[in-house]
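The chain contents come next:
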Amino acid sequence: MSVQDFIKKSILQSDNYATQSPFRIVIVLLLALLIGAFIYKVYQHFFTGVIYSRSFAMTLVGMALLTSMVTLAISLIIITSGPYAPFLYSNTRNTGTKFEYTLSDKSFGNPLMGYVPSAEDKTVSEDVHLVYVDITWKELEPKKGYYDWETIEESNQFKRWKKEGEQVVLRFLLDYPGKSSHKDIPDWLGNEISDLGDAYNTSYGKGFSPNYQNKLLRKYYKEAVTAMGQRWGNDDFIAYIELGGLGHWGEWHVHSDAGIRQLPRKEVRKDYIAPFQPAFPKAKILMRRPFDTGLEGDFGIYNDVFGDKSATKTWLNWIQNGGSYDQTQEQAALKAMPNAWEKAPIGGELTCSQSMSNLLINNLAELQEEAKAAHLTFLGPKVAEDIGDGQAAYKELLKNMGYRLWVSRLTISKGENKLDITLNLENSGVAPLYGDWPVVLYLCDASGKVVQAQQLECRLSELLPDQTTELKASFAYSKDQNYQVKLGILSPMTQVPSVHFAMNGFEGEVMPKLATIQKDQKGTDK
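The structure presented is a predicted model; accordingly, all values stated were derived computationally and were not measured.

S.K.: Help me understand the overall build of the protein chain, please; the structure alone is not making it clear to me.
M.R.: Across its full length, the protein chain holds 14 helices and 20 strands. Counting across all 526 residues of the protein chain, residues that qualify as buried make up 52%. By element, 51% of the accessible surface of the protein chain is carried by carbon and sulfur atoms, the whole surface being about 24,100 Å².

Dropping the structure here:
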């Protein structure tokens, strides 16, 4: 715990503590001396001949000076422990002013990453910026050609999430095992397709596995995906899509021992992949396994059993080395995609085979290693929970997901009427931000109001872990005014700064004040 934890944030961010120049210190001490001398004279005038003591009078002067020194020392402590801690500085005209910052170890959420609870949840943790939506074909198209948008959007609170600037991870399902016999594909398909599929009752549950080979089924499937794209694919609300067209829970496997026909081979399988990219051109697509189709489309990969050591080890091995597809006995159907995370996210959810307490108490270190090895960006809808430890384990796991962007250094060079600013933006996370969101540097007046804004040349999607990019901007300025320098990364949905930065003292801010520029005084920059 540092001194800044005991000081109000408004004080820490006040320009009164942005700098302590030698000139200012001398002025303060001279004023203290004058005030002390005044007190000395008042005391001498009224108490001479009564209880006047010259040594006590001198002590009063000394106390005035000592009090001012203590006050200056406290302000110096504020500078060196608050947001200004990294950059005690003095500068002169036409020389660079350097500001350095330190990387934060605190846990916090950010857009396009982190935990992904169900979109139906009424309350979510403040770190949440993604929500999970799964839709069965039966829910989507209960009647041929009729899509029940209103019910789906209402139950999944689309209006709320759009208003709050959150985004969606979407999975479209044809088979979701449950406790009772049912179909997750529309009933009307049975009127057109004689061999619709296989009912099952297995250890997974009860349900119906469609006949994925059927050409008419594939035709209608494509039409349904196209309709979803026309409704939801024209903006950034749907951020990621987990391809869920095949298998139980959309996980690209079936319980074949229960008499269910096997999943289709590559030529047919492609029909359950191909419709999504043209329908959702702004979304990133993820597959359950690294099929060779993913090499053609820069797809990400998801794993629905994080925390299951054996299954996750197998999944990571597929990504590193490829392999055969046991559902179809195709050799080399899975291709090595060790760098898939550089272009598209790695996601999934926690395994249901272990209790939450076991996952987060006994296996937390293992989970963290899995997240790092996978370059994990998000987890959900089964997410970590508070296990009575004040969300400590929840937060530790969150720190091993997605990006952690921070400014390590900022340099200001003053010309006659121009400020040249250079900053180093770093990523200390495990993955990039999968979107080239605008990075904007702001020059603000002393009150924080934006005077000028400049979008920087930066492709955030290419800023990989442990990499740094140097960004530059120039602003016109007046030497007779005080300024603040702020930074923001804008969400395409809201057009406002939305990304939290991982610097000590700035974790809760999306538009941090990185520096204060004092107006000239007597020809010297302050």
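From this point, things continue past the structure.
S.K.: What is the right way to read the packing of helix H11 (residues 309–321) against helix H13 (residues 364–374) from this model?
M.R.: Two quantities define a packed helix pair, namely the angle between the axes and the distance from one axis to the other. Where H11 meets H13, the axes come as close as 11 Å, and the angle between the chain directions of the two elements is 15°. Considering their axes alone, H11 and H13 lie roughly parallel with respect to each other. Where H11 crosses over H13, the two elements pack in a sense that is left-handed. From H11, Lys309, Thr312, Trp315 and Leu316 reach across to H13, where they touch Glu366, Glu370, Ala373 and Ala374. Its residues placed into classes, the contact of H11 with H13 shows four nonpolar, one polar and three charged.

S.K.: Would you take a moment to explain the packing of aromatic side chains for this structure?
M.R.: Note on aromatic pairs: each is described by the distance of the centres and the angle between the planes. Overall, the coordinates contain 20 aromatic pairs when judged by the stated rule. Aromatic side chains Trp137 and Phe172 sit 6.4 Å apart centroid to centroid with 55° between the ring planes, which places their arrangement in the tilted category. Of this pair, Trp137 sits in helix H4 (residues 137–140) while Phe172 sits in strand E4 (residues 167–173), placing them 35 residues apart in sequence. We note that Trp137, like Phe172, is buried. Ring centres of Tyr240 and Phe378 lie 5.3 Å apart, and the angle between their planes is 10°; on these two criteria the pair is classed as stacked. Placement of the pair is Tyr240 in strand E7 (residues 238–242) and Phe378 in strand E13 (residues 378–379), with a sequence separation of 138 residues.

S.K.: How do you make sense of H13 when you look at a structure like this?
M.R.: Given 3.6 residues per turn, any residue in an α-helix points the same way as the ones three and four places further on. Restricting attention to buried positions, one finds in H13 the residues Leu364, Leu367, Gln368, Glu370, Ala371 and Ala374. Taken end-on, H13 shows its buried residues confined to a sector of 160°, consistent with a single buried face. Buried-residue contacts for H13 involve strand E9 (300–306), H11, strand E12 (346–350), helix H12 (356–362) and helix H14 (392–398). Trailing H13 by a residue or two, His375 shows a phi angle of about 60°, which is positive.

S.K.: Explain the pattern of salt bridges here, please?
M.R.: It is possible for side chains bearing opposite charge to pair when their charged atoms get close. Tallied over the full model, the rule gives 22 salt bridges. Between Arg269 and Glu330 there is a salt bridge, and its shortest N-O distance comes to 2.7 Å. In this pair, Arg269 sits in helix H8 (residues 266–269) while Glu330 sits in strand E11 (residues 330–334), placing the two residues 61 residues apart along the sequence. Taking relative accessible area as the criterion, Arg269 reaches 3% and is therefore assigned buried. Here Glu366 and Lys309 are joined by a salt bridge, their closest N and O atoms 4.0 Å apart. You can see Glu366 sitting in helix H13 and its partner Lys309 sitting in helix H11, a full 57 residues away along the chain.

S.K.: Help me understand a nonpolar patch on the surface in this model?
M.R.: A cluster of nonpolar side chains, namely Phe23, Val26, Ile27, Leu30, Leu31, Leu33 and Leu34, defines an oily patch on the protein surface of about 620 Å² accessible area. Positionally, Leu33 belongs in helix H2 (residues 22–47). On the basis of relative accessibility, which here comes to 40%, the residue Leu33 falls in the partly exposed class.

S.K.: Explain the sheet that holds E9 to me, please; I cannot follow it from the model alone.
M.R.: Hydrogen bonds between backbone groups are what pair the strands of a sheet, and the pairing can be parallel or antiparallel. If you trace the six strands from one edge of the open sheet to the other, you get E3-E4-E7-E8-E9-E12, paired in parallel fashion. Looking at the sheet topology across the chains shown, the edges are occupied by strand E3 (130–136) and E12. Recorded for the sheet is a direction-independent mean angle of 25° between the axes of neighbouring strands. Where E4 lies against E7, four bridges are found, and the strand directions are parallel. The partner of Leu170 across the bridge, within E7, is Ile241.

How each quantity is defined
- Residues numbered from 1 in each chain as written.
- Predicted model: local features only at pLDDT ≥ 70, side-chain atom pairs only at ≥ 80, totals over all residues.
- Heavy atoms only, no water.
- Helix = DSSP H or I, 4+ residues; strand = E, 2+ residues; numbered from the N terminus.
- Buried < 20%, exposed > 50% of the residue type's maximum accessible area, 1.4 Å probe, protein only.
- Areas by Shrake-Rupley, 256 points an atom, 1.4 Å probe, with all protein chains shown as cover.
- Axes fitted to C-alpha atoms, helices over the stretch in contact; angles between N-to-C directions.
- Parallel < 35°, antiparallel > 145°, perpendicular 65-115°, else oblique.
- Left-handed = near helix turned anticlockwise from the far one by under 90°.
- Contact = heavy atoms within 4.5 Å.
- Nonpolar A, V, L, I, M, F, W, Y, C, P; charged D, E, K, R; others polar.
- Phe/Tyr/Trp six-rings, centres within 6.5 Å; stacked < 30°, edge-to-face > 60°.
- Arc of directions from axis to C-beta.
- Salt bridge = Lys/Arg side-chain N within 4 Å of Asp/Glu carboxyl O.
- Patch = residues over 30% accessible without salt bridge, like charges linked within 9 Å, V, L, I, M, F, W, Y side chains within 5 Å.
- Pairing = 2+ DSSP bridges.

Coordinates in, geometry out; function isn't part of it.
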